[in-house]
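Notes for the structure review
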Amino acid sequence: IRRTRSARTHPRLVYCQVVIWRAVASIAWSVLLLPVTSAVFVLLSRFSLFHPIHNIFSSKIYLLWMCKIISFAIIALQVMLNISFFHSFCVHSLVYCTMGMLVMWCASVTIGGRYSTLGIPCRQSESGEVVTCLNEYHLFLLLAGAFMGYSHSFLGVVQNMYYVSFQPIQQYKYPRFKGCLPMVLKCSVIQSLYSARNFAALYFFFGYVPKTWISSTLHLQIDSSLQPLDSLTGLLDFSLLYHLSISGTFLYFTWYLTVLLFRIYVTEAYSFPVQSTFTEDAEQCLPKVLAETNTLVMKFLALQDLALLSQHSLSRRLEVFSLSQPGGHPHNWNAISRECMSLLSELTQRLLAHQDAVASNGRVKSQSASIDTRSASSSSSEDVAETPRLSVPLRTPGSVFTSSVGGVHSALTAPFTPDVDSPFSSPAIRRLVGQQEPRSPWFGTVQSPHIMRRGPKLWSASTGETARLKLSYLHKMFSSNVQLPEASSQALFADSQAHIWALQGLSHLVAASFSEDQFGVVQTTLPSILSCLVVLLEAVDRHFKLPHASSKPVRTVCSMGDSTYKTLRFALRAALKTAIYKITTTFGEHLNAVNISTEHRKRLQQFLEFKE
């Protein structure tokens, strides 16, 4: 029975079926786990050494507040889900500040006692009326929640917490969650202690400002008989610091748990059909999803599925090698190989452009010179030059959930791409992307043809950068320093997990075709594939000869930010050599009959002799 046109599968519908439902499942599990974490928080915050049993049973009174915490958490999770569509860091920080204050308000009400309300009766006036004073302890926790919310938002960008990486080795959801749970708890405690220390120092110097403003706005008097918290004796309160640390741990643990569950569910492997019986369902097949450019999370899932099927599924590999009926054309293999080679060629062009910038001593060559360089490097293989390129630049995995409209990307779409208009960006980065300083003596054209001016070194700092370095104190307060050469090398390979899967998929399919390809569909594109791999290998080898390109990144003590992108260039180089070895060991001396250039044949001979 042929389906009607109305039942045709739209790419957006496939995205909803795969990604949206996984996000909803992660939110559901976060909400289900929230009562457990809330119960632990109640026991720790209301613990008393002299009356432990009484506090445990009296905590039943606060079940109503626990329901409010759950409802607030649901709203917070919904807001966090919508945050990915925001294009402003200010809005992102404001939302998290509000969420932090809400969670801390629930925590202060749950703890009770002197933290319960913002206004408390303090004394009687001359007329006999009770005067309401400002409860600074409650205000202290509310402001701490806002500070922790901003810290979470800021560190999320600095530490790339929104970078979604796919695991090279797939695990089931529960073992992975169980293995990561101690790390989440450790990071929550450490981050809570750091935030409590930083906020206490900040409140010591500037705490009187919000206290005075809120007391005058809400007409709440300040009780002079109590010790103010913006003093050294007021902050040296063990009970206050304990409840602040426990509340902060609960706040961070809830948010980190949501991030962890979201990563686990979204990056779970998904099996796409190689081909469909109905033409209306062609949009959800693997060759079509591989060409997806609007929502790149589908592209990453498709590449992951391609790497898995090329190694572990004989029946699906036969579908890739099959011919279309009627017509007898290898559409599946052509589409898959074309997208993989396009992806690898895009990485090659990216590396060549970076090497051109370094070779020109920090100055990006003109477009015509870059094109001549690229064409000269790829002139040995016309097939590689004819491989199609991506119409939309592949973005880093941190932006795989956003789409590009009209070719304009938001500030959050590429967390590793330097912002040349930012006051934090150095002149070296501006020179790297081809933008010169207006105040620089090299700005504009040179009037005299006899003047030979030497450009500044790529990684040197100008005198005008001194003022900008002073602004980096806030960054040093929260995270370690990042060297620009190392960061630029990491940015080039930030999305290389997709290239690794493309290498694995291509190499295993080519190797399997030696015995499984009954129609010889792979043999027609084998020269192009070999040339593409060799050209990429040469570009990668040249990149690792650049300064700082082969240095290992520094490990952080504890961070929820994903740092796998820092070592992807090493994994890519290993995967690239493994892919070439996979093909050369399978075909052996038969590769001598493949029509490739002499330079590429000499390089492949090194693999045949196991000299690489």
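Treat the numbers as computed from the prediction; the structure is a model and nothing was measured.

Overview of the overall build of the protein
Within the protein, the regular secondary structure consists of 23 helices and two strands. Looking at the protein residue by residue over its 612 residues, the buried ones come to 49%. The contacts in the protein between residues at least 6 apart in sequence include a share of 76% that link residues at least 24 apart. Here the protein displays about 31,200 Å² of accessible surface, and carbon together with sulfur accounts for 62% of that area.

Details of unusual backbone geometry
Although it is not a glycine, His 219 adopts a positive phi angle of roughly 55°. Assignment of secondary structure puts His 219 in the loop between α7 (208-217) and α8 (232-235). Residue His 219 is classed as exposed on the basis of its relative accessible area, which comes to 69%.

Some details on the UniProt feature "transmembrane region" (unreviewed entry) in the protein
Mapped onto this numbering, the UniProt entry gives "transmembrane region" (unreviewed entry) at residues 20-42, 62-81, 93-117, 137-162, 183-206 and 240-262. Summarising residues 240-262: 100% helix, 0% strand, and an end-to-end C-alpha distance of 33 Å.

Observations concerning helix α21 (residues 526-544)
Given a rise of 1.5 Å per residue, 19 residues ought to cover 27 Å, and the 27 Å separating the end C-alpha atoms of α21 matches this to within 8%. A large share of α21 lies buried, amounting to 17 of its 19 residues.

A short note on the packing of aromatic side chains
Here a ring pair, both rings aromatic, is described through the centre-centre distance and the interplanar angle of the planes. The final tally for this structure, using the stated rule, is 20 aromatic pairs. A centroid spacing of 5.2 Å and a plane angle of 80° characterise the contact between Tyr 96 and Trp 255, whose relative ring orientation is edge-to-face. Of the two residues, Tyr 96 sits in helix α4 (residues 89-111) while Trp 255 sits in helix α9 (residues 238-266), which places them 159 residues apart along the sequence. The exposure class of Tyr 96 is buried, given its relative accessible area of 2%.

Topic: the confidence of the model for the protein
Of the residues in the protein, 68% have a pLDDT of 70 or more, and the chain-wide mean is 74. When the criterion is pLDDT under 50, residues 1-9 qualifies, and its contacts beyond four places in sequence or with other chains add up to 15 contacts. Scored below 50 in pLDDT, residues 402-482 shows 109 contacts in the model against residues more than four places distant or in partner chains.

Section: the environment of Pro 121
Tracing the backbone shows Pro 121 in strand β1 (residues 119-124). With 102 residues separating them along the chain, Pro 121 and Asp 223 place their C-alpha atoms 9.7 Å apart.

Quick look at the packing of α4 against α9
Direction vectors running N to C along α4 and α9 enclose 130°, while the axes themselves pass 10 Å from each other. Considering their axes alone, α4 and α9 lie oblique with respect to each other. For the crossing formed where α4 meets α9, the hand is right-handed. Of the residues in α9, those touching α4 at Tyr 96, Met 99, Gly 100, Val 103, Met 104, Ala 107 and Ile 111 are His 243, Leu 244, Ser 247, Gly 248, Phe 250, Leu 251 and Trp 255. Tallied by class, the residues present in the contact of α4 with α9 amount to ten nonpolar, four polar and no charged.

Quick word on a nonpolar patch on the surface
Among the surface-exposed residues, Leu 202, Phe 204, Phe 205, Phe 206, Tyr 208, Val 209, Leu 232 and Leu 236 lie close enough to one another that they form a single nonpolar patch of about 850 Å² accessible area. Listed by contribution, the elements that provide at least two residues to the nonpolar patch are α6 (173-206) and α7. In terms of residue count, the dominant contributor to the nonpolar patch is α6 (four residues). Examined against the element boundaries, Tyr 208 turns out to sit in helix α7.

The rules behind these values
Residues numbered from 1 in each chain as written. Predicted model: local features only at pLDDT ≥ 70, side-chain atom pairs only at ≥ 80, totals over all residues. Heavy atoms only, no water. Helix = DSSP H or I, 4+ residues; strand = E, 2+ residues; numbered from the N terminus. Buried < 20%, exposed > 50% of the residue type's maximum accessible area, 1.4 Å probe, protein only. Contact = heavy atoms within 4.5 Å. Areas by Shrake-Rupley, 256 points an atom, 1.4 Å probe, with all protein chains shown as cover. UniProt positions renumbered as here; feature names shortened; annotations may be inferred. Expected span 1.5 Å × (residues − 1). Phe/Tyr/Trp six-rings, centres within 6.5 Å; stacked < 30°, edge-to-face > 60°. pLDDT = per-residue confidence, 0-100. Axes fitted to C-alpha atoms, helices over the stretch in contact; angles between N-to-C directions. Parallel < 35°, antiparallel > 145°, perpendicular 65-115°, else oblique. Left-handed = near helix turned anticlockwise from the far one by under 90°. Nonpolar A, V, L, I, M, F, W, Y, C, P; charged D, E, K, R; others polar. Patch = residues over 30% accessible without salt bridge, like charges linked within 9 Å, V, L, I, M, F, W, Y side chains within 5 Å. Salt bridge = Lys/Arg side-chain N within 4 Å of Asp/Glu carboxyl O.

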